[in-house]
Amino acid sequence: MSSTNKTEVLRLNQWISSDKPKREDFNYDNQVIENNFNYHTSDKFIHITQGERENWNMFSYSGMYYGNGNIERTIDTGCPFEVSFAVVFANNRPLSVTRFSDSKNHNYMAFAGKLANSTGIKLKNNGKQITVSQSATAVLNNEYMNLNEAGVAYCYVMFR
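Rules behind the numbers
- Residues numbered from 1 in each chain as written.
- Predicted model: local features only at pLDDT ≥ 70, side-chain atom pairs only at ≥ 80, totals over all residues.
- Heavy atoms only, no water.
- Helix = DSSP H or I, 4+ residues; strand = E, 2+ residues; numbered from the N terminus.
- Rg over C-alpha atoms; globule rule 2.2 N^0.38 Å.
- Buried < 20%, exposed > 50% of the residue type's maximum accessible area, 1.4 Å probe, protein only.
- Pairing = 2+ DSSP bridges.
- Axes fitted to C-alpha atoms, helices over the stretch in contact; angles between N-to-C directions.
- Salt bridge = Lys/Arg side-chain N within 4 Å of Asp/Glu carboxyl O.
- Expected span 1.5 Å × (residues − 1).
- Arc of directions from axis to C-beta.
- Contact = heavy atoms within 4.5 Å.
- Polar contact = N/O pair within 3.5 Å; in protein donor to acceptor, adjacent residues only side chain to side chain.
- Phe/Tyr/Trp six-rings, centres within 6.5 Å; stacked < 30°, edge-to-face > 60°.

Enquirer: Mind showing me how you'd approach the overall build of the chain here?
Expert: From N to C terminus, the chain includes two helices and twelve strands. For the chain, whose C-alpha radius of gyration is 30 Å, the value lies well above the compact-globule estimate of 15 Å for 160 residues. Summarising its shape, the C-alpha atoms of the chain cover approximately 105 × 25 × 25 Å along the three principal directions. For the chain, the residues scored as buried account for 29% of the 160 residues in total.

Here it is as structure tokens:
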């Protein structure tokens, strides 16, 4: 005789003192548990991989590129998440250099966001790419963007 009672969800056997458990009952219960466990752990909608977990916990991502002198250039960042805010700056350079002899200001830093950006940088493809500019002429008054100067190392930092 099978058990008098069953569990509510999986319908496993619950014996009372007058029941006589049988091996088939245990085998049935084990198979039900195995099937439900396998179904649950293979469900990709409720479970995530360790890689997904690490990406979701990552709040920033950084990298670098070397300027090639082109007026406009698109950089593949490899950022694994959608970017909300990014900053690009030249390595070992001041953020801005003003030459007082001709009143020219050369900017070596820029910011980009989902809704707006400073001159010289744009987010593309949810931050997987950034487009940077190198000014041959002034972009505003005597302001020049220097985000792709040939031979200069640049760093970018992306934020989730």
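Enquirer: Would you mind going over the sheet that holds strand β12 (residues 153-159) with me for this structure?
Expert: Remark on secondary structure: sheet strands pair via backbone hydrogen bonds, oriented parallel or antiparallel. Strand order across the open sheet formed by four strands is β3-β12-β5-β8, with antiparallel pairing between neighbours. At either end of the open sheet lies a strand with only one pairing partner, and these are β3 (60-66) and β8 (109-113). Averaged over neighbouring strand pairs, the angle between their axes works out to 15° when direction is ignored. Summarising the sheet, β3 and β12 pair through seven bridges and their orientation is antiparallel. The residue bridging Ser-60 from the neighbouring strand is Phe-159, located in β12.

Enquirer: Which parts of the structure should I look at to understand the pattern of salt bridges?
Expert: Pairing between side chains of opposite charge can happen when the charged atoms of each approach one another. On inspection of all chains with the given rule, the structure shows four salt bridges. Its salt-bridge partner being Glu-149, residue Arg-93 comes within 3.2 Å of it at the nearest N-O pair. Here Arg-93 is found in the loop between β5 (85-90) and β6 (96-99), whereas its partner Glu-149 is found in the loop between β11 (143-145) and β12, with 56 residues between them in sequence. Taking relative accessible area as the criterion, Arg-93 reaches 34% and is therefore assigned partly exposed. Within the structure, one salt-bridge network assembled from shared partners comprises Arg-99, Asp-102 and Lys-104.

Enquirer: Help me understand the sheet that holds β11 in this model?
Expert: Pairing in this open sheet of three strands is mixed, and the strands run β6-β7-β11 from one edge to the other. Here the strands that pair on one side only, and so sit at the sheet edges, are β6 and β11. The average undirected angle you get between the axes of adjacent strands in this sheet is 20°. As paired elements, strand β7 (residues 104-107) and β11 share three bridges and run parallel to each other. Paired with His-106 across the bridge in β11 is Tyr-144.

Enquirer: Just checking my understanding: could you explain helix α1 (residues 23-41) for this structure?
Expert: Because an α-helix completes one turn every 3.6 residues, residues spaced three or four positions apart along the sequence face the same direction. Taking 1.5 Å per residue, 19 residues should reach 27 Å; α1 reaches 27 Å between its end C-alpha atoms and fits that length. For α1, the full list of buried residues reads Asp-25, Asp-29 and Val-32. The arc enclosing the buried residues of α1, seen along the axis, measures out at 60°, which places them on a common side. Residues of α1 that are exposed and angled more than 90 degrees away from the buried face: Arg-23, Glu-24 and Phe-37. Considering only its buried residues, α1 is in contact with β2 (13-14).

Enquirer: What exactly am I supposed to notice about the side chain of Asn-107 here?
Expert: Positionally, Asn-107 belongs in strand β7. Side-chain polar atoms of Asn-107 contact the side chain of Glu-143, separated by 2.7 Å. Beyond its immediate chain neighbours, meaning those up to four positions away, Asn-107 contacts Leu-95, Ser-96, Glu-143, Tyr-144, Met-145 and Asn-146.

Enquirer: Just to check I follow, could you spell out the packing of aromatic side chains for this structure?
Expert: Given two aromatic rings, one states the distance between the centres and the angle between the planes to describe the pair. One pass over the full model with this rule turns up five aromatic pairs. Relative to Tyr-154, the ring of Tyr-65 has its centre 5.1 Å away and its plane inclined at 10°; by these criteria the two rings are stacked. Here Tyr-154 lies in strand β12 and Tyr-65 lies in strand β3, a separation of 89 residues in the sequence. Classification of Tyr-65 by relative accessible area gives buried; the value is 4%. Taken together, a centroid distance of 5.9 Å and an interplanar angle of 25° make the contact between Phe-85 and Phe-111 stacked. Placement of Phe-85 in strand β5 and of Phe-111 in strand β8 is noted, with a sequence separation of 26 residues between them.

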